[in-house]
Each structure stands twice: as C-alpha cells, then as structure tokens.
There are 2 protein chains.
Amino acid sequence: MAKSPATGPRGRDKGQRAAPELSKAQIVETGLRLIDEEGLQGFSVRSVAKALGCYPTAIYWYTPSRHFLIAEIVTIILRDVVPTAELEWQDWLRALLTRYRAAIARHPNAAPLIGVNLVSNASVDVDLLEGLLTKLHQAGFRDDALIDAYNAVVGAMVGFTTQEFAMEPPDADDLQGYLKGFPAGIDAARHPMLARMAGPMMGRSFILRWQNGATRPMDGAFALYVDAFVAGLEALLSRADR
Amino acid sequence: MAKSPATGPRGRDKGQRAAPELSKAQIVETGLRLIDEEGLQGFSVRSVAKALGCYPTAIYWYTPSRHFLIAEIVTIILRDVVPTAELEWQDWLRALLTRYRAAIARHPNAAPLIGVNLVSNASVDVDLLEGLLTKLHQAGFRDDALIDAYNAVVGAMVGFTTQEFAMEPPDADDLQGYLKGFPAGIDAARHPMLARMAGPMMGRSFILRWQNGATRPMDGAFALYVDAFVAGLEALLSRADR
DNA sequence: ACCTGAACACCGTTCAAGT
DNA sequence: ACCTGAACACCGTTCAAGT
C-alpha cells in the first residue's frame, strides 16, 4: 500500500511507473565533479553518461545540449558571489570581485567555461544584477554611464580571474623547460628592464608561467587590480562632479 | 641548369628534391583564415589540411600539436599591439589596451584562444614585456609592486576584450527569444533597479545579450574601463607617495 | 516518461609506409 | 625531407525503438 521510497513524485498507488534513474541535478553535479577531478578535457556528455552508467543519449532527455549543461554547472559555481547589501559601494565592489575569484578558485578547471561563452557568462542571476546596479547608482552613475559602469565591473570581475586560471597546456613540462631557459637568452642591451625582471617574474607572471592560479595564485596582482579599478571609478566620479 | 623558381632553398643542381608543397607560414595563415571566415568551430587540424588539400597528418610535420598551431596564429594577431615608446605612461597604457582590443576586433573569432590558454596568452613578445615594464617603472612601481602592476595590466588588457568577444552560442536565436521575454518577468517590487534598467540594457550588456562585440561593440564600457583602471593606478601611486 | 541502441559526421594524434 | 594512408580512441547529436 505505502509507496516505496524509491518511487518518484509521479508515483501512484496504481499503475505505478518506476522512478527515473537519472535527474537533472545529478547530471549537473556529476559534470561539475568530473571537471574538478579530471579537468576540463575529462568532461564531456559522454563521460558524464559513463560516470552515471547510462547511455550518452539519456543525458539529452534532461538537457537540450552540451551548452545548456555547462550553463547549469556555471550557475552552481556562481551561486553565492553576491555580497551583502549593507556595504558601501566601494567595499561592495571589492567584495564582489573577491567572492567571484574565490568561487572560481574552488572550481579552477571551470574558469574557461565562464569567460569565454556568452551564455554561461553568468546565467542571469537577478540578485547580482539588482545588487550591482543599485550600488553603482548609489555611487553616482546614471543612465548610459550606469550601463557602461555595469559592463566595466562585470568585465573586471570575470576578466582577471579567467586569465589567472587559464588552461595549462597538456605538455606543461615542455613549456616549463622553454621558459626556464628564456631569461638567459635575453639581450640585456636591447631589453634591459626585461633582463633584470625576468628572473623574479618567472613562474608567477602572465606570459612567463607554466602553471595557472590553481597552483600559483596571483594574490598581490589581484589586490592591486581590484584596488586600482575601484579607486579609478571613484576618481572618475569626483571629476564628473566638477 | 638554372633552378626552377618552384625549387625550394635546399634545391641543388644535382640530386634535386621537389620543393615542399606546404609551409608553416601557409598553414598558420590558413588556420587564421578559417577562424575568420568560418568561426572557431570551423577551425581544426583536419579542416586546415582539407583547405590545403593535404592529409591531416601532413600538418604535423610543421607543427607539433594543435596547441602550437594556435600559439602561432595568436602571434600573428598580436603582432602590432605595442605602442610607441615616447608616450607618457598613462597614455601608453591606454594605447596598449586600445590596440589590443583593436587587434582582436580584426579577428573576433580568435578571442577565446587568447584569454583561455596559458600558452597562447601572448607568445612571449619581448618588446611588449620590455615596453610595459619600462612604462610601469617610469610610473613609479618597483620590485614586487612592479610585478603586480605588470600582471594587473595584462589581466586588464586581455580580460575585458575576451569577455566582449565571447563566443555566441550555436542557437543564438533561442537565447534572443529567452532574453527578450526577460524584462517582462521581473518583479519590480523585489528588483526595482533591474526593472527600470533591463530594457535599455538588453542586447548591449554582459549577461543580457545574445551577440558579442563583433556585432555589438561595447565602446562606452571599454572607455570607462580603461579610464578607471589608469586613473586608479595613478591614485594608488600618489597615495603611496605620502 | 524515460532510456536503450545504432548510427552519423566529426575530432587530435600515432605510427608505418611510401618517394 | 616531406607526405600518404590507415588506424585508434575519442567527440556531440539525431533518430528510431523499446518498456
């Protein structure tokens, strides 16, 4: 008489159907787990199906395409980036960029999915939009300038971190070997500044690194970046006041 | 007796070999052309081979992997982004970011290749490194702060533009349809700011767009972004002075 | 409603063989 | 030295069929 616990929400006393073996949530979670554990190249519709013990085509009953599956995964990753509303706009912006970076740092292999695809750019989080627009309005931006400021902030938020967590090449050792020999080949007469800095920069700077932010975080650069951007917005606003 | 014009540099008077049919430059140019004309998904080792009328495996005589081929393509795209040295550091930085964006705008489909891959991040352009370090040194950054500033600038340079030219989904029409209905669904009581701004923002803002910068450039946002970033660096430097 | 199963048109890359 | 040719282990997605 009593429904078996395995029976799904559509289970009836008579004419019962078996509960679905799969669910959308399970598929999305499995996808994210594969990205975390195996890297981006370990994630595919087929590998998700394999991990769930079903045919690849079964996935398509729950999601219309690879793109949409990725969008769902991104939504989970960016679930809690919106700061509390009581912060001053400068602190709120700093918190937003920092929380976004922290979210990516928890799932570094997923970073390329967000910066690069229009859709998963941030699967329309209304609270993020409302919060950001409100704070920028409080700061003093209006009309077209408000839209520009919104775009500048989103660009700043996603841009740096996407870079920091860029994909390492499959043959990272070769790259390391090449870069380690790089400083010795610099012509100090033609490139004096580079000759002096290449050593200390090696391994912890854009262009001159072979690992990404997952193993070599760029905390100092990020802090400077955020401080500069927010201070710059303040400067522009105070200029416009006059 | 005379060498035929088709004979390559290794051609000898005796024991001649036929000139190679392919060349690295030709392969790289073909790859870039395919990206420009067909989009990123029209570019593959196999499609390059097809366009050149050879077997896919012939490509591997000239380049060790897909990754390296992409790095070569990126090098061509970013050939001329370094501004002239006589500019003041603020103008030099603005010119750098603007020239980078212009270079991507000429090959918008290639944008995701740069922001996302560690290697092709900018295939070690020594003049870019030297120029940037010199200007930041002139600005007043030293030691670790110089490295941080370098990374902040590269992050700012690549980050915004990568976003602006993010990949449109294959089913952009669906996205457009979804987003056009989005403003009507906003609860104005809970999200008043968004309710007011969603209309004017639609189609020309991150998250709320279905086309990228190739068709809908974000000039105003980019200008604000660059001005804020440079003004922010100035502000940080003058604070540190005291 | 939910999943199996076969099939299509692709990938990047390796390895042996030709000339 | 330079390229052909076959092969391997993958992709995302469609479509028909089962239960």
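Provided above is the structure to which this section pertains.
Computed from a predicted structure; not experimentally measured.

When helices and strands are tallied, chain A shows 11 helices and 0 strands. Along its sequence from the N terminus, chain A presents helices and strands in the succession α-α-α-α-α-α-α-α-α-α-α. Expressed along its principal axes, the backbone C-alpha trace of chain A runs to roughly 85 × 55 × 25 Å. By the burial criterion, 51% of the 242 residues in chain A qualify as buried. Here the contacts in chain A between residues at least 6 apart in sequence split such that 64% fall between residues at least 24 apart. The positive charge centre, built from 25 side chains, and the negative charge centre, built from 27, are 5 Å apart in chain A.

Moving on: the interface of chain A and chain B. Taken together, the contact pairs 82 residues of chain A with 82 residues of chain B. Buried surface at the junction of chain A and chain B, summed over both partners, amounts to about 6400 Å²; 73% is from carbon and sulfur atoms. It is A:Leu118, A:Met193 and A:Ile207 in chain A that bury the most area against chain B; as a group they hold 12% of the surface buried on that side. Summed over the shared surface of chain A and chain B, the number is 2 salt bridges. One salt bridge connects A:Asp144 with B:Arg204, and the closest N-O pair in it is separated by 3.3 Å.

With that settled, consider the protein's contact with DNA strand D. Neighbouring DNA strand D are 19 residues, the closest being A:Arg46, A:Thr57, B:Glu21, B:Trp61 and B:Tyr62. Protein-adjacent atoms of DNA strand D, using a 4 Å cutoff, are sugar or phosphate at a proportion of 54%. Here a phosphate oxygen of DNA strand D sits 2.9 Å away from a polar atom, N or O, in the main chain of A:Arg66. Note that a phosphate oxygen of DNA strand D is positioned 2.6 Å from one of the backbone N or O atoms of B:Glu21.

The final tally for this structure, using the stated rule, is 10 aromatic pairs over all chains. Geometrically, the ring pair formed by A:Trp61 and A:Tyr62 is edge-to-face, given 5.4 Å between the ring centres and 70° between the ring planes. Considering the side-chain rings of A:Phe160 and A:Tyr225, the 4.9 Å spacing of their centres and the 35° angle between planes classify their relative orientation as tilted. Separated by 65 residues along the polypeptide, A:Phe160 in helix α8 (residues 143–164) and A:Tyr225 in helix α11 (residues 219–241) bring together distant segments of the chain. Of the two residues, A:Phe160 and A:Tyr225, both sit in the buried class. The rings of A:Phe160, A:Phe206, A:Phe222, A:Tyr225 and B:Phe229 are connected pair by pair, giving a single aromatic cluster.

For the rest of this paragraph, the subject is the packing of helix α5 (residues 89–106) of chain A against helix α7 (residues 126–139) of chain A. Residues and elements named next belong to chain A. Put simply, α5 and α7 touch, their axes get as near as 9 Å, and they point 145° apart. For the pair α5 and α7, the sense of crossing is left-handed. Between α5 and α7, the residues in contact are Trp 89, Trp 92, Leu 93 and Leu 96 and Leu 128, Gly 131, Leu 132, Lys 135, Leu 136 and Ala 139, respectively. Of the residues contributing to the contact of α5 with α7, the split by class is 8 nonpolar, 1 polar and 1 charged.

What follows covers helix α8 (residues 143–164) of chain B. Every α-helix carries 3.6 residues per turn, so stepping three or four residues along brings you back to the same face. The end-to-end C-alpha distance of α8(B) is 32 Å, a good match for the 32 Å that 22 residues give at a rise of 1.5 Å each. Across the 22 residues that make up α8(B), a large majority, 18, are buried.

A word on the pattern of salt bridges. All names here are of chain A. Tallied over the full model, the rule gives 12 salt bridges over all chains. One salt bridge connects Asp 219 with Arg 101, and the closest N-O pair in it is separated by 2.9 Å. A residue pair is termed long-range when its members are at least 10 positions apart, and Asp 219 in helix α11 and Arg 101 in helix α5 qualify at 118 residues. Under the relative-accessibility criterion, Asp 219 is labelled partly exposed at 47%.

What follows covers the packing of helix α10 (residues 192–201) of chain A against helix α7 (residues 126–139) of chain B. Two packed helices can be described by the angle between their axes and the distance between those axes. Between α10(A) and α7(B), whose axes approach to 9 Å, the crossing angle comes to 95°. As the angle between them shows, α10(A) and α7(B) are arranged roughly perpendicular. Together, A:Pro192, A:Met193, A:Leu194, A:Arg196, A:Met197 and A:Met201 of α10(A) and B:Val126, B:Leu129, B:Glu130, B:Leu133, B:Thr134 and B:His137 of α7(B) make up the contact between the two elements. Taken together, the residues of the contact of α10(A) with α7(B) break down into 8 nonpolar, 2 polar and 2 charged.

This paragraph deals with the environment of A:Gln211. Relative to the elements of secondary structure, A:Gln211 occurs in the loop between α10 and α11. The sequence separation of A:Gln211 and A:Pro169 amounts to 42 residues, and the corresponding C-alpha distance is 8.9 Å. Once you skip the residues sitting within four places of it in the chain, A:Gln211 turns out to touch A:Glu168, A:Arg216 and B:Leu118.

Residue and element names in this part refer to chain B. The residue Ala 221 is located in helix α11 (residues 219–241) in this model. You can call Ala 221 buried: its relative accessible area is 1%. Along the sequence, Ala 221 and Phe 160 sit 61 residues apart, while their C-alpha atoms lie 9.5 Å from each other.

Here we take up α10(A). Among all positions of α10(A), only A:Met193, A:Leu194, A:Met197, A:Ala198 and A:Met201 are buried. Within α10(A), the buried residues cover an arc of 125° as seen down the axis, which keeps them to one side. Next to the buried residues of α10(A) lie α7 and α8 of chain B. Two residues or fewer past α10(A), A:Gly203 is found with a positive phi of approximately 90°.

Turning our eyes to something else, we now look at the relation of the copies chain A and chain B. For the pair chain A and chain B, the superposition axis carries a translation of 0.0 Å, the fit reaches an RMSD of 0.0 Å, and the rotation angle comes to 180°. Classification of the inter-copy transformation places it as that of a two-fold axis. The share of interface residues of chain A whose copies in chain B are also at the interface is 100%, consistent with both copies meeting through the same surface.

Residue and element names in this part refer to chain B. Relative to the elements of secondary structure, His 107 occurs in the loop between α5 (89–106) and α6 (111–116). What makes His 107 buried here is its relative accessible area of 16%. Discounting chain neighbours no more than four positions away, the residues touching His 107 are Leu 32, Asp 36 and Ile 77.

Definitions and cut-offs
- Residues numbered from 1 in each chain as written.
- Chains lettered and ligands numbered in written order.
- Predicted model: local features only at pLDDT ≥ 70, side-chain atom pairs only at ≥ 80, totals over all residues.
- Heavy atoms only, no water.
- Helix = DSSP H or I, 4+ residues; strand = E, 2+ residues; numbered from the N terminus.
- Buried < 20%, exposed > 50% of the residue type's maximum accessible area, 1.4 Å probe, protein only.
- Contact = heavy atoms within 4.5 Å.
- Lys, Arg positive; Asp, Glu negative; His and termini not counted.
- Charge placed at Lys NZ, Arg CZ, Asp CG, Glu CD.
- Buried area = accessible area lost by both parts, 1.4 Å probe.
- Salt bridge = Lys/Arg side-chain N within 4 Å of Asp/Glu carboxyl O.
- Near = heavy atom within 4 Å.
- Polar contact = N/O pair within 3.5 Å; in protein donor to acceptor, adjacent residues only side chain to side chain.
- Phe/Tyr/Trp six-rings, centres within 6.5 Å; stacked < 30°, edge-to-face > 60°.
- Axes fitted to C-alpha atoms, helices over the stretch in contact; angles between N-to-C directions.
- Left-handed = near helix turned anticlockwise from the far one by under 90°.
- Nonpolar A, V, L, I, M, F, W, Y, C, P; charged D, E, K, R; others polar.
- Expected span 1.5 Å × (residues − 1).
- Parallel < 35°, antiparallel > 145°, perpendicular 65-115°, else oblique.
- Arc of directions from axis to C-beta.
- Least-squares fit on C-alpha atoms with pLDDT ≥ 70 in both.

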